[in-house]
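Structure at a glance
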Amino acid sequence: MGSRNVAVLGATGSIGRSALEVIAESQGRLTAQVLSAHRRLDELVELAAQFHPQVVVATDPLVAEGHDWSGLPDGCQVLLGDEGLAQAVQLDEVDVVLAAIVGSAGLTSTWAAIEAGKTIALANKETLVMAG
């Protein structure tokens, strides 16, 4: 079996960081294709420099506007807001979506991943409750 490409939504939180540790130790069986953060954008850039995702998503567009993205790896695309999350999880390169965004904010992107036929790793009880 080849590598599984993961979108880690909420990469700077405790669950996201734990998932990235697993990815780092997977000996290439898992790769981080998408990383997202709400306001911890300096941490997001550091994680991107380590994991080389295809896309990073800043879910707070106002904070992202003035952020220095120069530390991102070459070719890494920046997307913004809920729309950016939905776009990122639907990428052909993404196999698994780890939904670790706190609260109801993760519902839209999780729904987009379901519609795109992705495997969902749900680490957010609010999304499960709200979706019914």
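The preceding data block contains the structure.
Predicted model only: the values in this text are computed from it and were never measured.

**Some remarks on helix α2 (residues 41–51)**
Residues Leu41, Leu44, Val45, Leu47, Ala48 and Phe51 constitute the buried set of α2. Down the axis of α2, the buried side of the element spans an arc of 165°, and every buried residue falls inside it. Relative to its buried face, α2 has exposed residues pointing more than 90 degrees away, namely Asp42, Glu46 and Gln50. Buried residues along α2 sit against α1 (14–25), β2 (30–37), β3 (55–58) and α3 (61–65). Two residues or fewer after α2 comes His52, characterised by a positive phi angle close to 55°.

**Some remarks on the nonpolar core**
Counting 24 residues, the largest nonpolar core has Val8, Leu20, Leu35, Val56 and Trp69 as the members making the most contacts within it. Mapped by element, the contributors of at least two residues to this core are β1 (4–9), α1, β2, α2, β3 and β5 (96–99). For this core, the element with the most residues is α2, which contributes 6 residues. Residues contacting Trp69, with those up to four places away along its chain left out, are Leu41, Leu44, Val45, Val56, Ala58, Ala64 and Val78. Listed in part, the 16 residues of the second largest apolar core include Ala7, Leu9, Val89 and Val94.

Criteria and cut-off values
Residues numbered from 1 in each chain as written. Predicted model: local features only at pLDDT ≥ 70, side-chain atom pairs only at ≥ 80, totals over all residues. Heavy atoms only, no water. Buried < 20%, exposed > 50% of the residue type's maximum accessible area, 1.4 Å probe, protein only. Helix = DSSP H or I, 4+ residues; strand = E, 2+ residues; numbered from the N terminus. Arc of directions from axis to C-beta. Contact = heavy atoms within 4.5 Å. Core = buried A, V, L, I, M, F, W, Y, C linked by side-chain atoms within 4.5 Å.

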